Structures are given as C-alpha cells and as structure tokens.
Amino acid sequence: MFAVLKTGGKQYKVQAGDVLRVEKLAAAAGEKVQFNEILMVGATVGTPTVSGAGVQAEVIDQIKGEKVIHFVKRRRKHSSKRTKGHRQQLTLLRVTDILEKGADKSGVKAAIGAGSVSGGVAAAPAKKAAAKKAAPEKAEAPAAAASDDLTAITGVGPAAAKKLAEAGITTFAQLAAVDADSFDAVKIKPEWVEQAKTLA
C-alpha cells in the first residue's frame, strides 16, 4: 500500500520501508514521528486530506542538502555581480507504517517543521513570550507619562532624546542639572542645558 503525504510545502508518494529526505523537522535522530496531512491512501483520495489516516516514520538523521550556488551578474552595470551559496537543512527518515484509520489515536508525536510555530507545542511558548513582552510595556507607561518631551529643545531629535533617556535623563530639570563638560554617558551640548533651565 502507498500513501501521498504533504510536508514542508511538498508532496511525497511513500511506501513502508522507503527512505526519504524532507524539509527539516523538529525531531532528534531515533525519534518516531507521524505525518497527519495525508492526501491519498491506496485508492482513497482525500478532500483535501484523508481523515484518520497517517504515515509513521523513524528519524534517521538531520542532514544538509547539496550546496547550491546562486550567481547574479547584471549586464550594463559596472562590475555588478553577486555570489551566494546555500545548503538546505533536511531530515532523513524511514517510513515504518501507513495507517488508513486511527492515526489520531496512535499517540505518536506529530511531525512539525523546525521553523514552524503553528503546532500546539510550539504555539504555547510563543504566547507566553508575547505575554511577557506586553507586561513591561504596561509598567513603562507611568514612567513615560512623568517625563518631558526633550525634542522641544533645539538640536535634540528623536535619536538624541532616546540616548538621553537611556542615560536616565527624561525631564528638563534633570538635563538642567547636568554638567555638559563632565557628563560622559551621552554627548550633551551646553546650549541644551541652557534651554532645559529655561523650560524647567
């Protein structure tokens, strides 16, 4: 019996015992994985996939494909050329079983691409990381409300204001108290200090 499975944006026709190279999967050598996107099993054609079907395989090794050279030379441009090499990361595996039914109850780990976060296992850490990033922004909001707009000073743009904020100067009063000659964290011009005194 044969099956047609889909992984890494490609389709593969496989039988039990076949060895194939697929786009890199998040699995170590020796692990057993199961492909659940099965487009066809024997005479059964999926719409678009066959429900309950699966292909189980054992990971042999994580390998790299052949080196591909991408060379670009542009005519009519003086010495405009570029060479770029690439070796695709692949997973070498051996097909062990083709299941027509009951693949969802087999308990074998689903084959997930190494760069994919669409799987249930990879999606949970991504949500936690997003929650952690959101928390500091809320904490910084009150501090930002108490600060002055340093770009009101002539010569201080957004980039300079950011550097001043990183050095701990967020208000006109703080900038007015700085000695321009001895302050080392950021380059401060004497005229900024004078304007800050007026604005404070």
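The structure displayed is predicted, hence computed values, not measured ones. Residue positions within a chain follow its written sequence, with the count starting from 1. Only residues with pLDDT of 70 or above have their local features reported here, since the model is predicted, and side-chain atom pairs are shown and tallied only from 80 upward, although totals for entire chains, interfaces and linings are computed over all residues. With hydrogens and water set aside, each side-chain value is computed from the structure's full complement of heavy atoms.

Draft legend 1. Broad picture of the pattern of salt bridges. Think of a salt bridge as a Lys or Arg side-chain nitrogen and an Asp or Glu carboxyl oxygen that are within 4 Å of each other. For the structure on display, the rule yields four salt bridges. Between K10 and E23 there is a salt bridge whose closest N-O contact spans 2.6 Å. Of this pair, K10 sits in strand β2 (residues 10-15) while E23 sits in strand β3 (residues 19-23), placing them 13 residues apart in sequence. The numbering of helices and of strands both runs from the N terminus, where a helix is a DSSP run of H or I of at least 4 residues and a strand a run of E of at least 2.

Draft legend 2. Summary view of the environment of V33. Relative to the assigned elements, V33 resides in strand β4 (residues 32-35). With 22 residues separating them along the chain, V33 and V55 place their C-alpha atoms 8.4 Å apart. Not counting the four nearest positions on each side in its chain, V33 is found in contact with L25, A27, V55, Q56, A57, V59, V108, K109 and A111. When checking whether two residues touch, look at their non-hydrogen atoms; a contact exists if any pair is within 4.5 Å.

Draft legend 3. Quick look at unusual backbone geometry. The amide bond that connects T47 to the next residue, P48, takes the cis arrangement and shows omega of -5°. Tracing the chain through its elements places P48 in the loop between β6 (44-45) and β7 (54-73).

Draft legend 4. How the structure looks around the environment of V4. Structurally, V4 can be placed in strand β1 (residues 2-7). Among the residues examined, V4 registers a relative accessible area of 16% and is labelled buried. Linking V4 and V45, residues 41 residues apart in sequence, is a C-alpha distance of 9.4 Å. Residues in contact with V4, not counting those within four places in the same chain, are Q11, Y12, K13, E37, I38, L39 and M40. Partly exposed residues are those whose accessible area sits between 20% and 50% of the maximum for their type, while under 20% is buried and over 50% is exposed, using a 1.4 Å probe and protein chains only.

Draft legend 5. Quick peek at the packing of aromatic side chains. Classification of ring pairs uses Phe, Tyr and Trp, with its six-membered ring standing for Trp, and accepts pairs whose centres are within 6.5 Å; under 30 degrees between planes counts as stacked, over 60 as edge-to-face, and the remaining range as tilted. One pass over the structure, following the stated rule, counts zero aromatic pairs. Geometrically, a lysine NZ or arginine CZ counts as sitting over a ring once it is within 6 Å of the ring centre and also within 35 degrees of the ring normal. Above the plane of the ring of F2 lies K13, whose end atom (NZ or CZ) is 4.7 Å from the centre.

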